[in-house]
Amino acid sequence: MAIQINETYRVFKLDTKHSSYVLGVNGDGYAGHMYYGDRLTFDGGEMSDTGNMLSLLGADQKNSIPADSQREKVNLHDTFLWEYGMPGYGDFREPCLEVDAGSGEEALEFLYKGYEVVKGKPALEGLPSTFSDDCETLVLHLSESDLKLELKLYYSVFEEEDAITRTVVVENHGGISCHLERVMSLCLDLRDGGLDLITLHGAWGRERNVYRREVGEGKQSIGSIRGVSSHQENPFMALLEPDATEDTGRVYGINFVYSGNFLAQVEKNQFGHVRAVMGIHPYHFSWKLGAGESFTAPEAVLVYSSQGIGGMTRNFHDLYRGHLIRGMYRDRKRPILINNWEATYFDFNTEKLWSIAEEAAGLGIEMLVMDDGWFGKRNDDNSSLGDWFANEEKLPGGVKRLADGVRERGLKFGIWVEPEMVNPDSDLYREHPDWILQYRDREVSRSRNQYVLDIGRKEVRDEIYRRISRVIKEAGIEYVKWDMNRSLTNVASHTAPSDEQGMVYHRYVLGVYEMQERLVTDFPELLFENCSSGGGRFDAGMLYYSPQIWCSDDTDAIERLSIQRGTAMVYPLSTMGAHVSDCPNHATHRTTPFDTRGQVALCGTFGYELDVTKLTAEEKEKIKEQTDMYHKYNDLIRSGDYYRIVVPSEKTPYDCYMVVAKDQSEALLSFVRVMHRINSWGVRIWPKGLDTAAEYRLSDRDGIYSGNMLMNVGIEINGAQKDFEGKLIHFYKERK
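Residues numbered from 1 in each chain as written. Predicted model: local features only at pLDDT ≥ 70, side-chain atom pairs only at ≥ 80, totals over all residues. Heavy atoms only, no water.

Caption draft 1: Quick peek at the overall build of the protein chain. If you tally the helices and strands in the protein chain, you get 14 helices and 39 strands. Scaling as 2.2 N^0.38, a compact globule of 736 residues should have a C-alpha radius of gyration of about 27 Å, and the protein chain matches this with 27 Å. A principal-axis box enclosing the C-alpha atoms of the protein chain has dimensions of 90 × 70 × 45 Å. Residue burial in the protein chain is summarised as follows: out of 736 residues, 62% are buried. Approximately 27,600 Å² of the protein chain is accessible, and the part contributed by carbon and sulfur atoms is 47%. Positive and negative side-chain charges of the protein chain, numbering 83 and 114 respectively, have mean locations separated by a distance of 3 Å. (Helix = DSSP H or I, 4+ residues; strand = E, 2+ residues; numbered from the N terminus. Rg over C-alpha atoms; globule rule 2.2 N^0.38 Å. Buried < 20%, exposed > 50% of the residue type's maximum accessible area, 1.4 Å probe, protein only. Areas by Shrake-Rupley, 256 points an atom, 1.4 Å probe, with all protein chains shown as cover. Lys, Arg positive; Asp, Glu negative; His and termini not counted. Charge placed at Lys NZ, Arg CZ, Asp CG, Glu CD.)

Caption draft 2: Region of the structure containing the sheet that holds strand β1 (residues 3-6). Spatially, the four strands line up as an open sheet ordered β1-β2-β3-β4, and their pairing is antiparallel. At either end of the open sheet lies a strand with only one pairing partner, and these are β1 and β4 (31-38). Shown here is a sheet whose adjacent strand axes are inclined to one another by a mean of 15°, direction ignored. In this structure, β1 lies alongside strand β2 (residues 11-15), joined through four bridges in antiparallel fashion. Within β2, the residue paired with Ile3 across the bridge is Leu14. (Pairing = 2+ DSSP bridges. Axes fitted to C-alpha atoms, helices over the stretch in contact; angles between N-to-C directions.)

Caption draft 3: Looking closely at the sheet that holds strand β26 (residues 479-482). The parallel open sheet is built from nine strands, whose spatial order is β29-β28-β27-β26-β23-β22-β21-β31-β30. One side of each edge strand has no neighbouring strand; the edge strands of this open sheet are β29 (576-577) and β30 (580-581).

Caption draft 4: Local environment of the pairing of strand β3 (residues 19-25). Within β3, seven of the seven residues are buried, which leaves it mostly tucked inside the rest of the structure. The alternating pattern of β3 places Ser19, Tyr21, Leu23 and Val25 on one face and Ser20, Val22 and Gly24 on the opposite face, and all of these are buried. In the sheet, β2 pairs with β3 via five bridges, with the strands oriented antiparallel. By the bridge assignment, Asp15 is partnered in β3 with Ser20. Counting the residues between successive antiparallel strands, the hairpin from β2 to β3 contains three residues. Pairing between β3 and β4: seven bridges, direction antiparallel. Opposite Leu23, over in β4, you have His33 as the bridge partner. Counted between consecutive antiparallel strands, the loop separating β3 from β4 contains five residues, among which Gly29 sits at a positive phi close to 95°.

Caption draft 5: Representation of the packing of aromatic side chains in the model. Per the stated rule, a full pass over the model turns up 32 aromatic pairs. Arranged with centres 4.8 Å apart and planes meeting at 70°, the rings of Phe80 and Trp82 form a pair that is edge-to-face. Note on Phe80: relative accessible area 9%, which makes it buried. Its relative accessible area of 4% is what places Trp82 among the buried residues. Aromatic pair Tyr429 and Tyr451: ring centres 5.2 Å apart, planes at 55°, arrangement tilted. Of this pair, Tyr429 sits in helix α7 (residues 427-431) while Tyr451 sits in strand β25 (residues 451-452), and the two are 22 residues apart along the sequence. No difference in accessibility class separates Tyr429 from Tyr451, as the two residues are buried. Pairwise contacts between aromatic rings join Tyr21, Tyr36, Tyr155, Tyr252 and Tyr304 into one cluster. For Arg507, the ring lying beneath its charged end belongs to Trp287, and the centroid distance is 5.9 Å. Arg560 extends its terminal NZ or CZ atom over the ring of Trp550, reaching a point 5.0 Å from the ring centre. (Phe/Tyr/Trp six-rings, centres within 6.5 Å; stacked < 30°, edge-to-face > 60°. Lys NZ or Arg CZ within 6 Å of the ring centre and 35° of its normal.)

Caption draft 6: Structural detail: the packing of helix α8 (residues 458-475) against helix α9 (residues 504-522). The interhelical angle for the contact between α8 and α9, taken along N-to-C directions, is 30°, at an axis separation of 11 Å. Between α8 and α9, the crossing angle belongs to the class labelled roughly parallel. Taken as a pair, α8 and α9 cross one another with a handedness that is right-handed. Seen from α8, the contacting residues are Arg461, Asp462, Ile464, Tyr465 and Ile472; seen from α9, they are Gly511, Glu514, Met515, Arg518, Leu519 and Asp522. When grouped by side-chain class, the residues that make up the contact of α8 with α9 number five nonpolar, one polar and five charged. (Parallel < 35°, antiparallel > 145°, perpendicular 65-115°, else oblique. Left-handed = near helix turned anticlockwise from the far one by under 90°. Contact = heavy atoms within 4.5 Å. Nonpolar A, V, L, I, M, F, W, Y, C, P; charged D, E, K, R; others polar.)

Caption draft 7: Spatial organisation of the confidence of the model for the protein chain. With 96% of its residues at a pLDDT of at least 70, the protein chain reaches an overall mean of 95. Every residue in residues 59-69 scores below 50 in pLDDT, and together they form 26 contacts with partners more than four places removed in sequence or on other chains. (pLDDT = per-residue confidence, 0-100.)

Caption draft 8: A look at the side chain of Glu136. If you trace the backbone, Glu136 turns up in strand β7 (residues 136-144). No salt bridge is formed by the buried Glu136, whose closest oppositely charged neighbour, Lys119, lies at an N-O distance of 5.4 Å. There is a polar contact of 3.2 Å between the side chain of Glu136 and the backbone nitrogen of Ala2. With residues near it in sequence (within four places) discarded, Glu136 still touches Met1, Ala2, Ile3, Val118, Gly120, Tyr155, Ser156 and Val157. (Salt bridge = Lys/Arg side-chain N within 4 Å of Asp/Glu carboxyl O. Polar contact = N/O pair within 3.5 Å; in protein donor to acceptor, adjacent residues only side chain to side chain.)

Caption draft 9: A look at the environment of Arg518. Residue position: Arg518 is located in helix α9. With relative accessibility at 27%, the residue Arg518 sits in the partly exposed group. Once the C-alpha coordinates of Arg518 and Gly260 are considered, the two residues, 258 residues apart in sequence, prove to be 19 Å apart. At a separation of 2.9 Å, a polar atom in the side chain of Arg518 contacts the side chain of Asp462.

Caption draft 10: Representation of α9 in the model. Here α9 is 19 residues long and its end C-alpha atoms lie 27 Å apart, about the 27 Å a rise of 1.5 Å per residue gives. All of the buried residues along α9 are Val504, Tyr505, His506, Tyr508, Val509, Gly511, Val512, Tyr513, Met515, Gln516 and Leu519. (Expected span 1.5 Å × (residues − 1).)

Caption draft 11: View of the pattern of salt bridges. Inspection of the entire model under this criterion finds 59 salt bridges. Of the charged contacts in the structure, one is a salt bridge between Glu83 and Arg166, with a shortest N-O distance of 3.7 Å. With a gap of 83 residues between them, Glu83 in the loop between α2 (73-79) and β5 (97-100) and Arg166 in strand β9 (residues 163-172) connect regions that are remote in the sequence. Residue Glu83 is classed as buried on the basis of its relative accessible area of 1%. In this structure Arg166 comes out as buried when scored by relative accessible area, which is 4%. Salt-bridge contacts for Arg407 lead to Asp404; the nearest nitrogen and oxygen are separated by 3.2 Å. Of the two residues, Arg407 and Asp404 both sit in helix α6 (residues 398-408), three residues apart, roughly one turn of that helix. Judged by its relative accessible area of 29%, Arg407 falls in the partly exposed class.

Shown next as structure tokens:
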């Protein structure tokens, strides 16, 4: 039983396989946080010792504010560990909810009203979220009597994955409208202030680098006000013990299932308490909540591990693979594709793509994707976004003729689209200049010579979707790459009244979700990949619609090591779009061995970004070897447990990770030497995750080795002695 309740003390205990989360309600009706950590058990029954536990924690929730004029109410609010912090009465930490009801008064006091336990996981209307029929959900009901607002705090417990998902619903039961100025999805108040913080930072082409530092006094935050989750900061953070490693220590991971503006903040107060909040960024957010209406905040995921950062990672991977990603490709090997972008850029025609398809088919490649430049009058990136019909000068007979020819040559066929944007030089913009995000009577700012369509408006969504879906249906498209290549600016809607302009950012994201839901519903067999100038919208919200996301526009194998390592901190390997590209690399101008490029791309979905018609005979043979390698190892990589073994540094200038099958029957170790150091000893690696009682054979050496010996004694890496050289070692159990 995942949720247990002591009604006498009004205490709620949420149990996963290895953790317990305990919250309670004090005598005044305040919902407070009590404990989160390793699983708690009591002699005599799971909830029999609740009173003693409260006493030991110094958090007797039954003690109420003194009756003598409530002289210490402010102090109580300042020191209380809240489940959802409120402003105005003495809680001076970051508030979770702010409401403008027109009076100019900001104080909120939500009191406990009741609870319910729901079997399964309620869906969030219009929003992506995790799902399960097996979990349990606790719903706490809180009420604000002055404003007649009600708050529902949702806690869904995923036992096997050591995860608890959180969201909040605000209901207006009053007779007038109000504006929600801030709605956080998660609040976590921890008594232990001696913690570190991990976040993921970057920029275009170098996304999701791991950054760890101490949680100091005051506030530390990450976020995005770009309209997307962004290249710069990912909606993830982890709180962990200072001495926590990959394999040991307590770690709390928090991830936001949302693809727009977000705020993730950690605050350490004067008592050493730490508050973590995550939700929609309050910048330019003001949601008009009419009488009788409700607002549902996006979901936040909370994961606990007592087995270090690696344990947190594997919990996230299991949760998302089993309870977030959907569709026929969730648990299926994806076709090996070749994208024509780096092969041709805008300079292609039907015959050129057919020639690539014909050559690729003989090398084990299974799908051709036509990237930018196939529509309108698109010969560069200055025109035609929005004109989703074939460029007949390049593609006589249209996309269907091209697609049919590709299939005749033995490959599936896919296309690239950018549905959220429009060029000033396009028929769509000339017909509907009011369909873009724009301030009234001000110049509209461009990026990449693009405007942003007001996707929050139904008529805009419907027309764009009609145009793109027609091409998909007529040509029998089997793959779509949905790109989004600029941040949002001039964020105002032509049709929204002034008191609803603060809703435009969130309406935009909801509009994108609606379009993508229509796409995967209307075309359930479509392989769908999200993209945003590479990895600018790599988040859990997007994974609800597409099983994979283009990880980064930087395809250089050595750069990809850190990008993919940071991405895999939270997101499964099966979600990372990763391809072998040409050399010298088009972004970094670095040349790396063809074998290494294939090995690094194997960590993700695997494909190619080059012109196969221009390769040497030796390189073509290597593609055949790599496509065979993909089919041999992809089931393991897609579903196995991921372990970071070595992160490159000055002392260890090499990268190593490992994927171990769930039943520990096999494993794959990937080693890449980033730089060779003269006069240095050989490299020894200590594998992880193997069955200590089993015996294994290794693909690169003779003999049989016990799992215990391999993990404790380690193995020497033979070969991979030069800069950028890599090596794969397959471990497989000896059959008896």
